[in-house]
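Summary of structural features
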Amino acid sequence: MRVYLVNPSHVSFGVAVITPRWLYVLAAATPTGWGDPILCDETLEPFDPEQLAPGDVVGIGIHTGNALRGYEVGHEVRARGAYVVYGGIHATLYPDEAHTMGEAHSVVKGDGDVIWSTVIADCAAGTPRDVYEGGRVSGGAFRPARWDLLPKNRYMWASVQTVRGCPKHCSFCSVWRTDGQTPRQHASDAVIAEIVQLRRLGFRFIALADDNFYPVSAADLAQAARRNDAARLHELEELRDERFALMARLARLPEDMVFYTQITMEAAEDLTFLDAMRKAHIRGALVGVESVTPEGLKDVYKGFNLAGDALVERLQTFGKYGIHVLGSFIFGLPSDRPETFKATADLAERAGVTFAQFVMLTPFPGTIDFERWERDEARVGVNIGGVPITRHWLIPQAKRPKVYVPHPVMSSDEIRDRTQAVWDQFYALPRIWERSRAVESWRGRLAFVLISKLYRQMYANTGIATDSARTARSVRIARVIARPCRRLFAAAPMPHLDVPTA
Ligand code: SF4
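What comes next concerns the included structure.

Next up on the list: the packing of helix α2 (residues 67–79) against helix α4 (residues 95–102). Running from N to C, α2 and α4 point in directions that differ by 50 degrees, and their axes come no closer than 9 Å. Between α2 and α4, the angle falls in the class oblique. For the crossing formed where α2 meets α4, the hand is right-handed. Across from Tyr 71, Gly 74 and His 75 in α2, the residues of α4 making contact are Glu 97, Ala 98, Met 101 and Gly 102.

Now the structure itself:
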């Protein structure tokens, strides 16, 4: 019996930007008695079911975007007599669907780190259960990834996780519901050991794939103090101290290392934290700006963000500490109007964000926005080829519409056209070249331009483009750009690098 793990994708680029961490974590959670699992990331190349034998176990991790492809893989696997096991956010939200649409033997809900070995043992005994509750494992039980199984020269960035969960509750996001609102931190020893292993292999760019790298804000601390809640205050202070301890150790890694993370803009209220990030080689952060107006922030339950000039100043503060911001903006919020698009594009430039993404408000399963939209749409009852629009991820890719939250005054087409125009403006070559001044060397500037264009093309494929010719062109361009990009990120391996002590 062999164990396989598949990351489904309906498009393969040959190389990919970031390692799909879950594959390597579940590989580590696979008991050694079954041998090394065979990993397939379909963003590199499609899974070959011919290699399967009856009784093998195939774990398929799905999110909403790749669920249908995951179900296709499940059919192929089942036809060869192997066990089909789904996990991931989508399977956690829709375990029944994975059974009916994907021919699952089993579905794992929640984290797979601990339960995976039981699933394999049950399959080996011929008694897989319908559903396994993986739950939310504690930070101490997170599995370090098996980076020794990484294929060579395929990824630009590696990914390490330092914390799961986010205390916020944004209406468009499912993280706080699936990963929970209590941050669970990975022990710094385990994080550093993984990073050193990756640097030894030649990765100097590493994404800290955290839900929110700044899990304790000044407001959280002040609230606990105001309530005279000594236990809570102590807990928050401990969490915060652990962040600093981790960053102090990251700071002792080789100077050429570059980390990138996701963070709320509150982090820029705390200059000590930003300084520790700078010293820790954290050179970039995705910051969820979402909206540039107070009304827009209220729409998405993100009142802790700033708007207007205060927002510009806050985003610029990251830059002052050498942290490049990838600003994430949402269009189509109920309070947005046609003038919002230009105001957002202008603000992104004024704030000096290095990269930006402009997404349309989309009802993702597991979110508050989805529940609202699902209720309204169910009353209308639209379906495509017999599939209700509220289950749009089950519509074949070629016919699948982009689904957006209806807007009170603008049509989806208008929002899409205006969003596209903002992307085109932000990623126009002269503007990218101007922003590339942030990087000193010519090689660095070239990398900056290529990455900006790659990001634009990859997004056009999986993001807002609806025109199939435009999508196909984007995939072709992304394939061409991706290979030289990967080489720009690679570094000479450091096989003798030591683990810095605590
Ligand atoms: S969008 Fe970010 S801040 Fe909001 S809940 Fe999700 S992870 Fe947390």
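Structure's up, so let's keep going.
Lining the immediate environment of the ligand, one finds Cys 166, Lys 168, Cys 170, Phe 172, Cys 173, Trp 176, Asp 211, Thr 264 and Lys 302. Partitioned by chemical class, the residues of the shell around the ligand number 5 nonpolar, 1 polar and 3 charged.

What follows covers a negative patch on the surface. Taken together, the side chains of Glu 237, Glu 238, Asp 241 and Glu 242 present a region of like negative charge at the surface. Note that Glu 238 resides in helix α9 (residues 230–250).

Turning to the sheet that holds strand β4 (residues 57–61), a few remarks are in order. Spatially, the 6 strands line up as an open sheet ordered β3-β1-β4-β5-β6-β7, and their pairing is parallel. Edge positions in the sheet fall to β3 (38–41) and β7 (131–135), since each of these pairs with one other strand and no more. Each strand of the sheet is rotated relative to its neighbour by a mean of 20 degrees, with strand direction disregarded. Sheet topology places strand β1 (residues 3–7) next to β3; 4 bridges connect them, and they run parallel. Each bridged residue has a counterpart across the sheet, and for Asn 7 the counterpart in β3 is Asp 41. In the packing of α2 onto the sheet, the strands contacted are β1, β4 and β5 (83–87), and the crossing angle to β5 comes to about 160 degrees.

Conventions and cut-offs
Residues numbered from 1 in each chain as written. Predicted model: local features only at pLDDT ≥ 70, side-chain atom pairs only at ≥ 80, totals over all residues. Heavy atoms only, no water. Axes fitted to C-alpha atoms, helices over the stretch in contact; angles between N-to-C directions. Helix = DSSP H or I, 4+ residues; strand = E, 2+ residues; numbered from the N terminus. Parallel < 35°, antiparallel > 145°, perpendicular 65-115°, else oblique. Left-handed = near helix turned anticlockwise from the far one by under 90°. Contact = heavy atoms within 4.5 Å. Near = heavy atom within 4 Å. Nonpolar A, V, L, I, M, F, W, Y, C, P; charged D, E, K, R; others polar. Patch = residues over 30% accessible without salt bridge, like charges linked within 9 Å, V, L, I, M, F, W, Y side chains within 5 Å. Areas by Shrake-Rupley, 256 points an atom, 1.4 Å probe, with all protein chains shown as cover. Salt bridge = Lys/Arg side-chain N within 4 Å of Asp/Glu carboxyl O. Lys, Arg positive; Asp, Glu negative; His and termini not counted. Charge placed at Lys NZ, Arg CZ, Asp CG, Glu CD. Pairing = 2+ DSSP bridges.

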